[in-house]
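# Secondary and tertiary structure notes
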Amino acid sequence: TDGMGLYAYSPNPANDVLTVEYRYKEDISTEKRVKKDFEAKLINNKGVAIRSAKNISPTNIIRFDTSNLPNDTYFLHIIENKIESRHQVLIKH
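Residues numbered from 1 in each chain as written. Predicted model: local features only at pLDDT ≥ 70, side-chain atom pairs only at ≥ 80, totals over all residues. Heavy atoms only, no water.

### Some remarks on the packing of aromatic side chains
The cut-off we apply is this: Paired rings are identified among Phe, Tyr and Trp, the last through its six-membered ring, by centres lying within 6.5 Å, and are further divided according to the angle between planes into stacked (under 30 degrees), edge-to-face (over 60) and tilted (the rest). Counting from the N terminus, the helices are DSSP H or I runs at least four residues long and the strands are E runs at least two residues long. Classification of residues uses two cut-offs on accessible area relative to the type maximum, computed with a 1.4 Å probe and protein chains only: under 20% is buried, over 50% is exposed, and between them is partly exposed.
A complete count under the given rule lists two aromatic pairs for this structure. Ring geometry for Tyr7 against Tyr22: centres 5.2 Å apart, planes inclined by 65 degrees, an arrangement best described as edge-to-face. With Tyr7 in strand E1 (residues 6-10) and Tyr22 in strand E2 (residues 17-23), this residue pair connects regions lying 15 residues apart in the sequence. Owing to a relative accessible area of 17%, Tyr7 belongs among the buried residues under this scheme. Judged by relative accessible area, Tyr22 falls into the buried class, the value being 11%. Ring geometry for Tyr7 versus Phe38: centroids 5.0 Å apart, planes at 65 degrees, classification edge-to-face.

Written as structure tokens, this is what we have:
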């Protein structure tokens, strides 16, 4: 494995909001959740980060407002402990 946790992003294609969430493995109870240090960036086809956020909540969810972004293909980068995963995301209104 690449050493990263379990991440989910939805919806894809996104319309108004793109949600990125760190998900715990099933054997960890929800009462023991702690804030996970990760960052997410939404990058356009020119390589420019147009949305960027660090997780600040124990819910481990980052939400990007995509309502005013043009329909296009974007790249979602999720960074945890200097390890980066890249995912293709569509914005479609």
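### What to know about the nonpolar core
For clarity, the threshold we go by: Within this scheme, the nonpolar core is defined by two criteria: the residues are buried Ala, Val, Leu, Ile, Met, Phe, Trp, Tyr or Cys, and they are joined through side-chain atoms within 4.5 Å. Whether two residues are in contact is decided by their heavy atoms, any of which lying within 4.5 Å being enough.
In this structure, Leu18, Val20, Phe38, Leu42, Phe64 and Leu76 are the most contacted members of the largest nonpolar core, which totals 17 residues. Broken down by secondary-structure element, the contributors of at least two residues to this core are E2, strand E3 (39-43), strand E5 (61-65), strand E6 (72-80) and strand E7 (83-91). With near-sequence residues (within four places) excluded, Leu18 lies in contact with Ser10, Pro11, Leu42, Ile62, Arg63, Phe64, Thr66, Leu76 and Val89.

### Notes on the pairing of strand E4 (residues 49-54)
Both faces of the sheet carry side chains from a regular strand, because those side chains alternate between them. Our working rule: Should DSSP find at least two bridges between two strands, the strands are regarded as paired.
Summarising the sheet, E3 and E4 pair through five bridges and their orientation is antiparallel. Across the sheet, Leu42 pairs through a bridge with Arg51, a residue of E4. What sits between E3 and E4 in their antiparallel hairpin is a turn of five residues, with Gly47 showing a positive phi close to 85 degrees.

Function cannot be inferred from these measures alone, as they are strictly geometric.
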